[in-house]
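Listed below, chain by chain, are the residues.
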Amino acid sequence: MKQELLAPAGDIEAGYAAFYYGADAVYLGLQQFSARATATNFDEPSLNELTGYAHSLGRKVYVAINTLVQEAELGDLMKSLDICVRCHVDALIIQDLGVAGIVRKVYPELELHASTQMAVHNKEGALALQKAGFSRVVLARELSLSEIKEIAAIPGLETEAFIHGALCYSYSGLCLFSSMENGRSANRGKCLYPCRSLFRGEAGEKHYFSMKDMALGEDVIRMPVTSLKVEGRKKTALYVAAVTDYYRKILDGKGADKTSEDNIRQIFSRPWCKFHFRGRDKDIIDRDFVGHRGLVIGKVENVDKGWLRFRTGHAVSRYDGIQLDVAGQEKPFGFSVQVLRVNGRNVFEVHAGETAEIKLPPQTPALQRGQTVYLASSGAVKGEYRYERPKPGAFKQRREIDIRVDIGANAVTARGDGVEVSVQGSFAAAENPQKVETAVRTAFEKCGNADKKPGRIEVSNPDGLFVPVSVLNHLRRELYEASGDGNVSRCLPETEHRMHGGGKMLLKTDRPESLTLINFDDCEEIIVLLDENFDEKRLKGLPHHKLRLALPAVSRKAEVWAKLINRLLAQGYRKWEIANYWGLSVLPEKGIDLSFDYPLYVFNTQAAQTAAELGASRVTLSVEDSLSNWQKLAQKSPLPVVLPIYEDVPLFRSAVCIRSNACKDCPHGEKWLELKQGSRVYDVLSRNCFTMLFDREPFCAAAEAAEVPADFYRVDILYKKYTPEQAAHIWQKACLRQDVCPCRKGNLYRNGGF
């Protein structure tokens, strides 16, 4: 199987570089709805041109429309989808259920790829999305080779996996850290990367969540997936060229080239790791420093009178960039080489193996013998990855229209695409009527900046009359301008309508024993979050008819749930809740009442409609959404909506362990840690190699509940160890629509700006 090498294109130059160095496809974003909103991204002309160029090479272009779309944005979404159709892109990469439903019904010519933002981390989730109409799933980065192989073996489903680039501490799509704390949502393409920040914890002030970069190198040849994906839509064309070239050589059987690796490290690189590809690994966090380091070229031997001295393992030239790790600084200290010496003699370049003397800039921090020296940028490397760019407009995709030209004694008329234009005049006999027909064809094939081109051209000139070229050119311009863009505006699919409101109270917990002081008379349902080792005896004492059982968002071993689910079904439990697509595969399709929790995001009515088609009886609004969008969905959703009004929100869910001890010394089980950042306090739950981060203050929207006519309001007593007294107090306050203070409001009042 020939595997696809898929490269990022943050702009058209990166796209050209990727194709020149061997990418089989690129992925990119438009001006809206891209998970890399701060990349340059593409407008319609640049997308049209790059796609035309790609198709001329037999390559592909995928567009990432992979953010969550609010109700008021659906009109703009349709415009973006129209652009994708006009530009003939090969597939869409999407996260939002609503986008998936719209594309399936209104744009069936567009292929659907499930974004890594959909958190596909097991075979069951992949199977569910295949059934929902996706031809490809982009796998979670956290997976091991054995897990990747299991999913890649699904018949008829394409798989795509990351092989190189930046990593997130959280499962993609399950991180609310930037959104809830800073008002910039990763799910809406605006992440501020707070995980890279310094926190005070048990090991001191560290970057506890700052991941190294993934670099699988030659391990990619062991990957059985359809597509091998490089991260980096915010990277330069130079970076894209170097990384694409490196992996192209590996896939072509030439092996990993050390020179290419060194080049990549100089262009941009954090320390490299293979994440969990070979199994669980703790050496994947860069706790001491953040950002680009560069290529290690030596160790400080001496610092004297403003000069740095070290033996270099790589050539260094004037104006190259040097960086050093300095204790107490979270970012490496860097500077441009201005004066360079060997044996006291000024030189332009120091060769590998020589001892370099570099003049340090003013205000250089104290440097110590033995500190690592990095080459962080190189003029030589910048000139090494040249690539060809096509002439602007050369590969512009134009819409074909069939044209008929009728030549008469007093007028020449052109018809095409339902449009007719004429030029009046007096036209005499031609010396060579055949040349007139050729002139007509030549004139209409001069497309210039027009977005049309002729398909079939029919010329009727029964009297053999002559028409000047200037008239034909004028006729062509008039016809192409009058014919419009040929795009028929497509409409949003209709959604169902229902009665709204009711405001019944729901209670969710993972510790039933914490509910002993709560009177369940005012509670419509008690939702119990299960785990893989859940003992159903814990359900005794709770009213059976009010119970709904919930599956977690992440399960790396979904197959272990079968016995537990079957036992509970046999005991008559027919109400269930899921928080990830894998739940659709492990629960029966019929005979149950199925609720979607908010990690199955519903930000628009189209998403709610798609959820209904997948079997949901109700949906849960997201805690990261705005109050105004909540109100729209509560009024217009085709399904009943659940509004969370109290919760300790998991700011992220991670397969990366935060504990400082070695794995062989770990007692596993549950451990709580405290992290501080300024005046902010965070609680971290570490349990069985899984990490969750919480703000010390809960999210609470009880006071806003009266403004949102939801069908249900939900109080979550989850994750943290609430006493029965605390749980009862929270429940009573929420039932009275009173906030439990102090609390956080997330994005409730940020509207669409988050």
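Caption draft 1: Layout of the overall build of the chain. Looking only at helices and strands, the chain has 17 helices and 40 strands in total. Every one of the 754 residues in the chain was classed for burial, and the buried ones make up 59%. When contacts within the chain are restricted to residue pairs at least 6 apart in sequence, long-range pairs at least 24 apart make up 71% of them. Element-wise, carbon and sulfur atoms account for 49% of the exposed surface of the chain, whose accessible area totals about 30,400 Å². Within the chain, the 95 negative side-chain charges are centred at a point lying 4 Å from the centre of the 100 positive side-chain charges.

Caption draft 2: Quick peek at the sheet that holds strand 27 (residues 452-460). Ordered by their spatial adjacency, four strands build an open sheet running 26-25-24-27, and the pairing between neighbours is mixed. Of all strands in the sheet, those with a lone pairing partner are strand 26 (419-424) and strand 27, marking the two edges. For this sheet, the mean angle separating the axes of adjacent strands, direction not counted, is 20°. Sheet analysis places strand 25 (residues 411-416) next to strand 26, joined by six bridges and oriented antiparallel. What sits directly across from Arg415, in strand 26, is Glu420. Helix 11 (residues 433-445) contacts strand 24 (399-407), strand 25 and strand 27 of the sheet and is inclined by roughly 165° relative to strand 27. In this fold helix 12 (residues 469-482) packs onto strand 24, strand 25, strand 26 and strand 27, with an angle of close to 155° to the strand it touches most, strand 26.

Caption draft 3: Fine view of the packing of aromatic side chains. Going through the model one piece at a time under the given rule, you end up with 22 aromatic pairs. Arranged with centres 6.3 Å apart and planes meeting at 65°, the rings of Phe19 and Tyr53 form a pair that is edge-to-face. Separated by 34 residues along the polypeptide, Phe19 in helix 1 (residues 12-20) and Tyr53 in helix 2 (residues 44-56) bring together distant segments of the chain. Classification of Tyr53 as buried rests on a relative accessible area of 11%. Pairing Phe177 with Tyr682 gives two aromatic rings, centres 5.7 Å apart and planes at 75°, and the pair type is edge-to-face. Of this pair, Phe177 sits in helix 7 (residues 177-182) while Tyr682 sits in strand 37 (residues 680-687), and the two are 505 residues apart along the sequence. Take Phe177 and Tyr682: they sit in the same class, and that class is buried. Put simply, the rings of Tyr169, Phe177, Phe199, Phe209, Phe652 and Tyr682 touch in pairs and so form one group of aromatic residues. When the ring centre of Phe754 is taken as origin, the NZ or CZ atom of Arg188, which lies over that ring, is 5.0 Å away. In this arrangement the basic side chain of Arg265 is found over the ring face of Trp272, its NZ or CZ atom lying 3.8 Å from the centre.

Caption draft 4: Local environment of the pattern of salt bridges. The full count for this structure, using the stated rule, is 66 salt bridges. The partner of Asp286 in a salt bridge is Arg293, with the nearest N and O atoms 2.7 Å apart. We note that Asp286, like Arg293, is buried. For Asp593, the salt bridge is made with Arg548, and the minimal N-O distance between the two is 3.4 Å. Of this pair, Asp593 sits in strand 32 (residues 593-596) while Arg548 is found in strand 30 (residues 547-550), placing the two residues 45 residues apart along the sequence. Taking the relative accessible area as the measure of exposure, Asp593 reaches 28% and is therefore partly exposed.

Caption draft 5: Representation of the nonpolar core within the structure. By size, the foremost hydrophobic cluster in this structure holds 193 residues, and its most contacted members are Leu47, Leu92, Phe209, Leu530, Trp576, Phe596 and Val715. For this core, the element with the highest residue contribution is helix 8 (residues 237-251), accounting for 10 residues. Each residue touching Leu47, except ones within four places of it in the same chain, is listed here: Leu28, Leu30, Phe42, Val61, Val63, Ile83, Cys87 and Val89. Membership of the second largest hydrophobic core comes to 25 residues, among which are Ala414, Val440, Ile457 and Leu465.

Caption draft 6: View of helix 1. Taken residue by residue, helix 1 has Ala14, Gly15, Tyr16, Ala17, Ala18 and Phe19 as its buried positions. Where helix 1 is buried, its residues touch strand 1 (4-8), strand 2 (25-28), helix 2, strand 3 (60-65) and helix 8. For helix 1, the capping residue at the N-terminal end is Asp11, with a side-chain oxygen 3.2 Å from the backbone nitrogen of Glu13. Gly22, located one to two residues past helix 1, shows a positive phi value of around 110°.

Caption draft 7: Highlighting the sheet that holds strand 23 (residues 372-377). One open sheet accounts for four strands, arranged 13-23-17-18; its pairing is antiparallel. If you trace the sheet from one side to the other, it starts and ends with strand 13 (295-299) and strand 18 (333-336), each paired once. The sheet shows a mean angle of 30° between the axes of neighbouring strands, direction not considered. Sheet topology places strand 13 next to strand 23; four bridges connect them, and they run antiparallel. Considered in strand 23, the bridge of Leu295 is made with Leu375.

Caption draft 8: Representation of the state of the cysteines within the structure. If you walk through the whole model with that rule in mind, you get zero disulfides. For the unlinked cysteine Cys175, the closest cysteine sulfur is that of Cys191, found at 5.9 Å. Take Cys741: it sits in no disulfide, and the sulfur closest to it among the cysteines is that of Cys743, at 4.5 Å.

Caption draft 9: Structural detail: the packing of helix 1 against helix 2. With their axes 10 Å apart at the nearest point, helix 1 and helix 2 run at an angle of 5° to one another. Here helix 2 runs roughly parallel to helix 1, going by the angle between their axes. Residues Ile12, Gly15, Tyr16 and Phe19 of helix 1 touch helix 2, and the partners they reach there are Ser46, Glu49, Leu50, Tyr53 and Ala54.

Caption draft 10: How the structure looks around the pairing of strand 31 (residues 575-578). Of the two faces of strand 31, the one carrying Lys575 and Glu577 and the one carrying Trp576 and Ile578 are both buried. Of the strand pairs in this sheet, strand 30 and strand 31 are connected by two bridges, and their pairing is parallel. Residue pairing across strands places Leu549 opposite Trp576, the latter belonging to strand 31. As paired elements, strand 31 and strand 32 share four bridges and run parallel to each other. Within the sheet, the bridge partner assigned to Trp576 lies in strand 32 and is Leu594.

Caption draft 11: Just the side chain of Glu147, in detail. Mapped onto the elements of the fold, Glu147 is located in helix 6 (residues 145-152). A polar side-chain atom of Glu147 sits 2.9 Å from the main-chain amide nitrogen of Ser144. Setting aside anything within four residues of it in sequence, one finds Glu147 in contact with Glu142 and Arg556.

Caption draft 12: Fine view of unusual backbone geometry. Between Cys741 and Pro742 the backbone carries a cis peptide bond, its omega angle lying at -5°. Within the fold, Pro742 resides in the segment after helix 17 (724-735). Look at Phe33: it is not a glycine, yet its phi comes out positive at around 65°. Summarising the element assignment, Phe33 is placed in the loop between strand 2 and helix 2. Phi is positive for Ala119, which is not a glycine, with a value near 55°. Position of Ala119 among the secondary structure elements: in the loop between strand 5 (112-114) and helix 5 (123-131). When its relative accessible area of 3% is taken as the criterion, Ala119 is described as buried.

Conventions used here
Residues numbered from 1 in each chain as written. Predicted model: local features only at pLDDT ≥ 70, side-chain atom pairs only at ≥ 80, totals over all residues. Heavy atoms only, no water. Helix = DSSP H or I, 4+ residues; strand = E, 2+ residues; numbered from the N terminus. Buried < 20%, exposed > 50% of the residue type's maximum accessible area, 1.4 Å probe, protein only. Contact = heavy atoms within 4.5 Å. Areas by Shrake-Rupley, 256 points an atom, 1.4 Å probe, with all protein chains shown as cover. Lys, Arg positive; Asp, Glu negative; His and termini not counted. Charge placed at Lys NZ, Arg CZ, Asp CG, Glu CD. Pairing = 2+ DSSP bridges. Axes fitted to C-alpha atoms, helices over the stretch in contact; angles between N-to-C directions. Phe/Tyr/Trp six-rings, centres within 6.5 Å; stacked < 30°, edge-to-face > 60°. Lys NZ or Arg CZ within 6 Å of the ring centre and 35° of its normal. Salt bridge = Lys/Arg side-chain N within 4 Å of Asp/Glu carboxyl O. Core = buried A, V, L, I, M, F, W, Y, C linked by side-chain atoms within 4.5 Å. Polar contact = N/O pair within 3.5 Å; in protein donor to acceptor, adjacent residues only side chain to side chain. Disulfide = S-S within 2.5 Å. Parallel < 35°, antiparallel > 145°, perpendicular 65-115°, else oblique.

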